Amino acid sequence: MGSASSSYRVIYLDVDGRIQKVVFSRFCSPCDIKELFCTALGVPRNTNLSLLDSSGAMVSIDPTMPHNTDRSPYRVVPMTGGQLADKEELFQNVLTQVAEQFSRAFKINELKTEVTNRLAMLEKRVELEGMKVVEIEKCRKDIKKLREEMASRNNSNFLEDNKKLTPRRDVPSYPKMLSCLEHMYHDLGLVKEFNINPITLKRWLLCIHDNYKNNPFHNFRHCFCVTQMMYSMICLCSLQEKFTQVDILILMTAAVCHDLDHPGFNNTYQINARTELSVRYNDISPLENHHCAVAFQIFSQPDCNIFSTFDPEAFKQIRQGTITLILATDMARHGEILDSFKQKVDKFDYADEEHVTCLKMVLIKCCDISNEVRPMEVAEPWVDCLLEEYFIQSDREKAEGLPVAPFMDREKVTKPTAQIGFIKFVLIPMFETVMKLFPQIEEAMVQPLRESRDRYEELKQIDDAMNEVQKNKSENLTMKKK
């Protein structure tokens, strides 16, 4: 892993006979460094500069410029319009060609590019220039306003595409969710421990958001809820006292990435329909393998790689751990994983790597299906969202002549019947097993599950009674007609 000192460069400038020390991050762009030099020189930020060493040779302004000392400072010379005329024309031609190539290759949306660039500029100002308190607060408000504008425009696009907006779930808005996720990484000490660039963390989370689809259930809000539950379990169960910080980083990152680019149709559909994902991954957890692949495609982008300070061996450990946890969210493996954990829980050994890995797999599974742990007014709308996604899939399966699972068929399933079996035979047994290791979750998590089970059983009894009454009425009407 890189050290804090290697992340920064120190350059000395000769400003009118006065030595000026300039410190900047090695992640800075040449434009950022030039603006810092303009500030040191006391000229407007858009002033073009020429940097000369002690011999009069020109030095390139970028993060790799040769190191100097206060005894051999660089001389900064503002360039006049005449000197820049030819270069400006050359630069303009190059920039025009690059812009045309990017537009053709990536079909960049001008509006989003403008907003994203303004957002990045404001965040860099906060991070790198040490503005006064008042200016920082104003900048933060500007950032919040921009994010809200992006969220508003995204919602408009959803409506224009004739897609339903999902019901309110009492979870934070889009900008607030990103801020909360950032806070979790900072609060758990992960940013400081692993020297994660805060700007890179912001960009990574924005990219994560953009790679979740607008499904009724498997969307970015679900990603946030799962990660928030993971954060809660880490705190409630004091996992930082039992796990390494690398384990905590893996747990949080796997939760954030676990459903990336989910298409809204489950593995059963992928396999029965012989989709591209199913063929690519040989019918073995096609969705979960795809989530992993998208996650590490994002990490391959330097601006979004929060693991850039890790050496290759440490990154390999992070990658393998994250993949293991995301693959564990395939419900087809539920029995296998829970049975393995049950065999270990009574004599659990935190020094045993296999035991720790198994526990982490169970923890992400708990978080992934934890909605019924939440208050009824938060949990119930999520059931509606999940059923909506199920019904969309079963409608397509019927149209394509594929098998339809009864619990996804809108003509057969009700909310109580959908939830009772899942809570009784999946959620409660798993959380009660985890409770053996962490008794403190009983009141906060297991008891709400029991209350949810009881409530849905009462609803089912009411539904059954109403159906019986309706059936009797129908029979009576039939008898009278005869």
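Since we're looking at a predicted model, the values are computed, not measured. (Residues numbered from 1 in each chain as written. Predicted model: local features only at pLDDT ≥ 70, side-chain atom pairs only at ≥ 80, totals over all residues. Heavy atoms only, no water.)

Engineer: Which residues make up the overall build of the chain, and what are the values?
Structural biologist: A count of helical and extended segments in the chain gives 18 helices and four strands. For the chain, the proportion of its 482 residues judged to be buried stands at 45%. Counting only contacts in the chain whose residues sit at least 6 apart along the sequence, the fraction spanning at least 24 positions is 69%. Working note: accessible area of the chain is about 26,000 Å², and carbon and sulfur atoms make up 52% of it. (Helix = DSSP H or I, 4+ residues; strand = E, 2+ residues; numbered from the N terminus. Buried < 20%, exposed > 50% of the residue type's maximum accessible area, 1.4 Å probe, protein only. Contact = heavy atoms within 4.5 Å. Areas by Shrake-Rupley, 256 points an atom, 1.4 Å probe, with all protein chains shown as cover.)

Engineer: Describe the sheet that holds strand 2 (residues 18-25), naming the residues involved and giving the relevant values.
Structural biologist: With mixed pairing, the four strands of this open sheet are ordered in space as 2-1-4-3. Two strands lie at the open edges of the sheet, namely strand 2 and strand 3 (49-52), each paired on one side alone. Taking each pair of neighbouring strands and ignoring which way they run, the sheet shows an average axis angle of 40°. Note: strand 1 (residues 8-15) against strand 2, eight bridges, orientation antiparallel. Within the sheet, the bridge partner assigned to I11 lies in strand 2 and is V22. Sitting on the sheet, helix 1 (residues 30-41) is in contact with strand 1, strand 2, strand 3 and strand 4 (74-78), with an inclination near 155° to strand 2. (Pairing = 2+ DSSP bridges. Axes fitted to C-alpha atoms, helices over the stretch in contact; angles between N-to-C directions.)

Engineer: Please provide a residue-by-residue account of the confidence of the model for the chain, values included.
Structural biologist: Predicted coordinates in regions of low pLDDT should not be interpreted in detail. Per-residue confidence for the chain gives a mean pLDDT of 85; residues scoring 70 or more make up 79%. Predicted confidence for residues 1-5 stays below pLDDT 50, and this span has nine contacts to residues more than four positions away or in other chains. This model gives residues 153-171 a pLDDT under 50, and the stretch forms 25 contacts once residues within four places in sequence are excluded. (pLDDT = per-residue confidence, 0-100.)

Engineer: I'd like a rundown of the packing of aromatic side chains, residues and numbers included.
Structural biologist: Throughout the structure, instances matching the rule amount to 15 aromatic pairs. Relative to F310, the ring of F307 has its centre 5.7 Å away and its plane inclined at 90°; by these criteria the two rings are edge-to-face. Relative accessible area serves as the criterion here: at 2%, F307 is assigned to the buried category. Ring pairing ties together the aromatic residues Y185, F194, W204, F296, F299, F307, F310 and F315, which thus form one cluster. The aromatic ring of F296 is capped on one face by R319, whose charged end is 4.8 Å from the ring centroid. In this arrangement the basic side chain of R455 is found over the ring face of Y456, its NZ or CZ atom lying 4.6 Å from the centre. (Phe/Tyr/Trp six-rings, centres within 6.5 Å; stacked < 30°, edge-to-face > 60°. Lys NZ or Arg CZ within 6 Å of the ring centre and 35° of its normal.)

Engineer: Provide a residue-level description of the pairing of strand 4, including the pertinent values.
Structural biologist: As defined by bridge partners, strand 1 adjoins strand 4 across two bridges and the pair is classed as parallel. Pairing of L13 across the sheet is with Y74, part of strand 4. In this sheet, strand 4 lies alongside strand 3 in antiparallel orientation, the contact comprising four bridges. Its bridge partner lying in strand 4, S50 is registered against V77.

Engineer: Run through a nonpolar patch on the surface, naming residues and quoting values.
Structural biologist: A grouping of L459, I462 and M466 is seen on the molecular surface, where their side chains present a nonpolar patch of about 270 Å² in accessible area. Here M466 is to be found in helix 18 (residues 441-481). (Patch = residues over 30% accessible without salt bridge, like charges linked within 9 Å, V, L, I, M, F, W, Y side chains within 5 Å. Salt bridge = Lys/Arg side-chain N within 4 Å of Asp/Glu carboxyl O.)

Engineer: Now, about the environment of G17: what can you tell me, with residues and values included?
Structural biologist: Residue position: G17 is located in the loop between strand 1 and strand 2. Classification of G17 by relative accessible area gives exposed; the value is 69%. Along the backbone, G17 and R75 are 58 residues apart, and their C-alpha atoms lie at a distance of 9.4 Å.

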